[in-house]
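# A look at the structure
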Amino acid sequence: MEKIALLVGKRLEREFYQKPTIKVSKELLGKYLVRKINKKLLIGRIVETEAYIGPQDKAAHSFNWRISKRNIIEYAQGGYIYIYLVYGMYWQLNIVTSSAGRPECVLIRALEPITEEKDIRIASGPGKLCKWLKLDSSFYAKDLSQSRDIWVAEPPKAYAKIDKRQIVAAKRIGIDYAKEWKDKLWRFYLKSSPAVSKK
DNA sequence: GTACAGATTGAG
DNA sequence: TCAATCTGTACT
């Protein structure tokens, strides 16, 4: 409360994430990702997401019910963090969605910094945002509805409204191997944001 | 055990 | 256009 309420609104509850993955992917746009490091807050507005809907989605790690030490958290109920390393050097922040037993998630692809930053594009990509917020394997399986150092919040009232016409649906990035699934319009971003990736 | 490609990025 | 860098996955 107090001062923090001027910056961010209420934390999203577990139920928010337990809806269909496409719906959650769109509704996350405009929400604030809050990260607390040594009592300091880093806040980014979510401006780009991607839906991964295993086991039918060939681009998903959970395709064909694949399950491993890496992706097992995808099988939990919505609201947990699924984070993994790609290309040997970049962490990718995902949020588990839907209900237990359905291995689906949303990749958070870009943030627009709300707290003061020199570079508006400091988090304009999935690898970049994890670097900015210092996210790594230690965040694996954290509960966003409970954790004290990372959560998603409603924006302050004045910024709460997202015009549906601002939301663009596009093909997902970096999954050309996924046959017909690569053409699904499961990437969502806010048209006017300067922080969307690949600009 | 070994090979190989990947939900990316920034430099040239 | 390309290398960095390392783990999961699919084979031998």
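Structure: see above.
Okay, so let's go over this structure.

Rules used in this analysis
Think of each chain on its own: its residues are numbered from 1, step by step along the sequence as written. The lettering of chains begins at A and the numbering of ligands begins at 1, in the order of writing. At least 70 in pLDDT is required for a residue's local features to be given in this predicted model, at least 80 for side-chain atom pairs to be given and counted, and no such filter applies to totals for whole chains, interfaces and linings, which use all residues. Excluding hydrogens and water, the side-chain values take into account all heavy atoms of the structure. Joining through side-chain atoms within 4.5 Å is the link that ties buried Ala, Val, Leu, Ile, Met, Phe, Trp, Tyr and Cys residues into a set, and such a set is a nonpolar core. Relative accessibility thresholds used throughout: buried, under 20% of the residue-type maximum; exposed, over 50%; partly exposed, between the two (1.4 Å probe, protein chains only). Pairs of residues are marked as contacts when any of their non-hydrogen atoms sit within 4.5 Å. The helix count covers DSSP runs of H or I at least four residues long, the strand count covers runs of E at least two residues long, and both are numbered beginning at the N terminus. None of His or the chain ends enter the tally, which takes Lys and Arg as positive and Asp and Glu as negative. Salt bridges are counted wherever a side-chain nitrogen of Lys or Arg sits within 4 Å of a carboxyl oxygen of Asp or Glu. Identification of polar contacts relies on pairs of N or O atoms within 3.5 Å, with a donor-acceptor requirement for protein atoms, meaning one able to donate a hydrogen and the other able to accept it, and with residues adjacent in sequence counted only if both atoms are side-chain atoms. Side-chain rings of Phe, Tyr and Trp, where Trp is taken by its six-membered ring, are said to pair if the distance between their centres is within 6.5 Å; with planes under 30 degrees apart they count as stacked, over 60 as edge-to-face, and otherwise as tilted. For this purpose, a residue is taken to be near a molecule or strand whenever a single non-hydrogen atom of the residue falls within 4 Å of it. Here the nonpolar group is Ala, Val, Leu, Ile, Met, Phe, Trp, Tyr, Cys and Pro; Asp, Glu, Lys and Arg are the charged ones; every other residue, Gly included, is treated as polar. Each pair of strands is called paired provided DSSP finds at least two bridges between the two strands.

### Regarding the nonpolar core
Counting residues in hydrophobic clusters, the biggest one holds 25 residues, and the most contacted among them are Tyr-17, Leu-28, Ile-108, Leu-111 and Val-152. Those residues in contact with Ile-108 that lie beyond four places of it in its chain are Leu-28, Ile-46, Glu-48, Thr-49, Leu-93, Ile-95, Pro-126 and Leu-129. Ala-51, Ala-60, Tyr-82 and Val-96 belong to the second largest nonpolar core, which has 17 residues in total.

### Things to note about the side chain of Glu-104
Relative to the elements of secondary structure, Glu-104 occurs in strand 5 (residues 104-113). No salt bridge is formed by the buried Glu-104, whose closest oppositely charged neighbour, Arg-102, lies at an N-O distance of 4.4 Å. Looking at Glu-104, its side chain comes within polar contact range of the side chain of Thr-21, at 2.5 Å. Leaving out residues up to four positions away in the same chain, Glu-104 has contacts with Thr-21, Tyr-52, Ile-53, Gly-54, Glu-74, Ile-95, Val-96, Thr-97 and Ser-98.

### Notes on the packing of aromatic side chains
As enumerated under the stated definition, the model contains five aromatic pairs in all. With 6.5 Å between their ring centres and 35 degrees between their planes, Trp-65 and Tyr-75 make a pair best called tilted. Of this pair, Trp-65 sits in the loop between strand 2 (40-53) and strand 3 (81-86) while Tyr-75 sits in the loop between strand 2 and strand 3; the two residues are 10 residues apart in sequence, bridging distant segments of the chain. The class of Tyr-75 is buried, set by a relative accessible area of 15%. A centroid spacing of 6.1 Å and a plane angle of 45 degrees characterise the contact between Trp-181 and Trp-186, whose relative ring orientation is tilted. Look at Trp-181 and you get buried, because its relative accessible area is 17%.

### A few points about the protein's contact with DNA strand C
Neighbouring residues of DNA strand C: Arg-66, Ser-68, Arg-70, Tyr-87, Gly-88 and Met-89. At the protein interface, 62% of the atoms of DNA strand C within 4 Å belong to sugar or phosphate. In the environment of DNA strand C, a phosphate oxygen lies 3.1 Å from a nitrogen or oxygen atom belonging to the side chain of Ser-68. Between DNA strand C and Tyr-87, the relevant distance is 2.3 Å, taken from a base oxygen to a main-chain nitrogen or oxygen of the residue.

### Examining the protein's contact with DNA strand B
As a structural note, the neighbourhood of DNA strand B is formed by 20 residues, with Tyr-84, Tyr-90, Asn-94, Gly-127 and Tyr-177 the closest of them. When the atoms of DNA strand B within 4 Å of the protein are grouped by moiety, sugar and phosphate amount to 56% of the total. Within the backbone of Ala-59, one N or O atom sits 3.4 Å away from a base nitrogen of DNA strand B. Looking at the surface near DNA strand B, the elements that each hand over two or more residues are strand 4 (90-96), strand 5 and helix 4 (126-132). Counted by class, the surface near DNA strand B contains 11 nonpolar, seven polar and two charged residues.

### A short note on the pairing of strand 1 (residues 32-37)
As paired strands, strand 1 and strand 2 are joined by six bridges and run antiparallel to one another. Bridged to Ile-37 within strand 2 is Lys-40. Hairpin connection from strand 1 to strand 2: two residues lie between these consecutive antiparallel strands, with Asn-38 at a positive phi of about 50 degrees.

### Quick notes on the environment of Asn-71
Along the chain, Asn-71 turns up in the loop between strand 2 and strand 3. Along the chain, Asn-71 and Ile-83 lie 12 residues apart, while their C-alpha atoms are 8.7 Å from each other. Setting aside its immediate chain neighbours within four residues, Asn-71 contacts His-61, Ser-62, Arg-66, Tyr-82 and Tyr-140.

Fair warning: the whole summary comes from geometry, so function is off the table for now.
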